[in-house]
Amino acid sequence: MGAGGAGAGRTGYGDVLRMPYAARLLGGTLVGRLPHATGPVAVVLFTRAEGGSYSLAGALAAVYGVATAVGQPLLGRAVDLKGQLRVQLPAAVVSALGMVLLAVAGIGSLPVAFGAVAVAGLFTPPLEGGLRALWPTVLRDEERVHRAYALDAVAQEVMFTVGPLLVTLLVSLRSEAAALVVINVLGVLGALAVVSSEPSRTWRSAPREAHWLGALRSPGLLALFGAFFFVGLALGSITVAGVAYADDHGRDEIYGWLLAALSFGALVGGVVYGARHWPGTPESRLRAITALLALGYLPLALTPGVVPMLGLAALSGVFLAPALACSFVVVDRHAPAGTVTEAFSWLVTAFGVGAAAGTAVAGPVVEGAGTAWSFSVAGAAGLAALLVLTATSRVLAAPAAAGCPVRSGSVPAAPEPDDFADTRFGSGENDRNGAAEPGFSSGREA
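Notes on the structure follow. (Residues numbered from 1 in each chain as written. Predicted model: local features only at pLDDT ≥ 70, side-chain atom pairs only at ≥ 80, totals over all residues. Heavy atoms only, no water.)

**Considerations on helix H2 (residues 22-32)**
Along H2, the positions that sit buried rather than exposed are Ala22, Leu25, Leu26, Gly28, Thr29, Leu30 and Gly32. On its buried side, H2 packs onto helix H1 (13-18), helix H3 (34-49), helix H7 (127-139), helix H8 (142-173), helix H9 (176-195) and helix H10 (198-202). (Buried < 20%, exposed > 50% of the residue type's maximum accessible area, 1.4 Å probe, protein only. Helix = DSSP H or I, 4+ residues; strand = E, 2+ residues; numbered from the N terminus. Contact = heavy atoms within 4.5 Å.)

Right under this line is the structure:
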């Protein structure tokens, strides 16, 4: 990949964040997603503090994860149909109440405990998809939107690193129950900051064709979700393999160092990727990035000493944030009209289910074949993601396939300040309603 295009460098991260509401929406979404980022860790710590076994802690965390995976696309579809204000905030409140119930009731009654985490997971608000649906209406420029996607991916890495640290800090200052309550109160406040903003309050999805499959009727999205299931599987396997590696070296803190190194690599990769304009279509670029991502995972199986292993972990993360940022653009191009929040939420679900599968696969591999082979699962999963994208390249190359209208549209030539109706970059709806705005045609390279 190389830099190119006359628009290179025309916008930067500062330009994105200086746009009205951009910093508020990004910050509010990150705070609102704290319960999701810290949920499994907080549940495990709370269960152990209550005297529960590791098996019970793992089961409760698994129920939370499965419920979240189920709830995200359902709530995403509700956002597309009803708007953000009517769905995001009520969902955040109900989810928080589920975790508060767990903190108050404890694990004395297992049905109550499992029901509480199930409610908390099922009603986790789809703030990720909601933010990505808002970017075009707030930024009103294709290059700014693509840069915002990269910034979003970078911020996600920071959140998943800082979030667990915040939980452990709250535990040390007060208790595991207090950590559950505080994190979820912060989540509600973050959601409130988002939905009380004018772009979120007034956002409406494009008109949608009534279809029970919703976003899943797009062949391109199905291909993308299949690929990112394997990307999630790779990351899930690394979390288990990293614990085994730390055990092999007799130092628990090595596990935290490995995850921090991976996140640092993703942070650097995302910043560099978003700071430049790249040639080629997003779909072809995603295949190239995924190939590099898979290559980055393969050396982990060498399991060298701690210092070289930290370097390999950082290298393995470099192409993660770029892959996520590029996938956001692909989702936007292939989502059927009126399904954008649901489509982004399905991406979260595919990734999360893959991560859960990775933890399930890597555990037996560690016990049966050793640590090195458990890291090999990540490399194999990365190659599987690349294989899916390669095998479905023709489907991914046709975002405007018949029967699946793209949810795109142009930026209005003279947008009204209060007009935050759903808009998109590309040909889709403009091809049906008139000529696209110059500079935002469907053939423009991202």
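**Some remarks on a nonpolar patch on the surface**
Residues Val66, Val70, Leu74, Val94, Val119, Leu122 and Phe123 make up a contiguous nonpolar surface patch of roughly 530 Å² in combined accessible area. Looking at the nonpolar patch, the elements that each hand over two or more residues are helix H4 (54-82) and helix H6 (110-122). The dominant element in the nonpolar patch, judged by the number of residues it contributes, is H4, at three residues. Residue placement: Val70 occurs in helix H4. (Patch = residues over 30% accessible without salt bridge, like charges linked within 9 Å, V, L, I, M, F, W, Y side chains within 5 Å. Areas by Shrake-Rupley, 256 points an atom, 1.4 Å probe, with all protein chains shown as cover. Salt bridge = Lys/Arg side-chain N within 4 Å of Asp/Glu carboxyl O.)

**Comments concerning the environment of Ala260**
Topologically, Ala260 is positioned in helix H12 (residues 253-274). Remark: the alpha-carbon pair of Ala260 and Val158, spanning 102 residues in sequence, is separated by 9.7 Å.

**Notes on the packing of aromatic side chains**
Within the structure shown, the criterion is met by six aromatic pairs. Ring plane angle 70° and centroid distance 5.8 Å describe the contact between Tyr149 and Phe328, whose orientation is recorded as edge-to-face. On the criterion of sequence distance, the pair formed by Tyr149 in helix H8 and Phe328 in helix H15 (residues 320-334) is long-range, its members being 179 residues apart. Exposure remark for Tyr149: the relative accessible area of 0% places this residue in the buried category. Aromatic side chains Tyr149 and Phe344 sit 6.3 Å apart centroid to centroid with 55° between the ring planes, which places their arrangement in the tilted category. Taken together, the residues Tyr149 in helix H8 and Phe344 in helix H16 (residues 340-369) connect sequence positions 195 residues apart. Here the two residues Tyr149 and Phe344 agree in accessibility, since each one is buried. Ring pairs connect the aromatic residues Tyr149, Phe328 and Phe344, which therefore count as one cluster. (Phe/Tyr/Trp six-rings, centres within 6.5 Å; stacked < 30°, edge-to-face > 60°.)

**A word on the pattern of salt bridges**
For the coordinates displayed, the defined rule picks out eight salt bridges. In this structure, Glu128 and Arg33 form a salt bridge, with 3.7 Å as the shortest nitrogen-oxygen distance. Linking Glu128 in helix H7 with Arg33 in the loop between H2 and H3, this pair joins segments that are 95 residues apart in sequence. Relative accessible area serves as the criterion here: at 7%, Glu128 is assigned to the buried category. On the basis of relative accessibility, which here comes to 3%, the residue Arg33 falls in the buried class.

**Some details on the packing of H16 against helix H17 (residues 371-391)**
Orientation of H16 relative to H17, taken along the N-to-C sense of each, is 145°, at an axis distance of 7 Å. Two packed elements cross with a definite hand, and for H16 against H17 that hand is right-handed. Residues Val361, Ala362, Val365, Val366 and Ala369 of H16 form the contact with H17, whose participating residues are Trp373, Ser374 and Val377. Split by residue class, the contact of H16 with H17 holds seven nonpolar, one polar and no charged. (Axes fitted to C-alpha atoms, helices over the stretch in contact; angles between N-to-C directions. Left-handed = near helix turned anticlockwise from the far one by under 90°. Nonpolar A, V, L, I, M, F, W, Y, C, P; charged D, E, K, R; others polar.)

**Structural notes on the side chain of Ser374**
Checked against the element boundaries, Ser374 lands in helix H17. At 2.5 Å, the side chain of Ser374 forms a polar contact with the backbone oxygen of Thr371. Excluding residues within four positions of it along the chain, Ser374 makes contact with Ser237, Ala241, Ala362, Val365 and Val366. (Polar contact = N/O pair within 3.5 Å; in protein donor to acceptor, adjacent residues only side chain to side chain.)

**Points about unusual backbone geometry**
Its identity as a non-glycine residue notwithstanding, Arg140 has a phi of 55°, on the positive side. Here Arg140 lies in the loop between H7 and H8. Despite not being glycine, Thr303 has its phi angle at roughly 40°, a positive value.

**Considering the packing of H3 against H8**
Across the interface, H3 lies against H8 with an axial gap of 9 Å and an inter-helix angle of 45°. The orientation of H3 relative to H8 falls into the category oblique. Handedness of the H3/H8 crossing: right-handed. In contact with Leu34, Ala37, Thr38, Ala42 and Leu45 of H3, H8 contributes Met159, Phe160, Gly163, Pro164, Leu166, Val167 and Val171. Of the residues contributing to the contact of H3 with H8, the split by class is ten nonpolar, two polar and no charged. (Parallel < 35°, antiparallel > 145°, perpendicular 65-115°, else oblique.)

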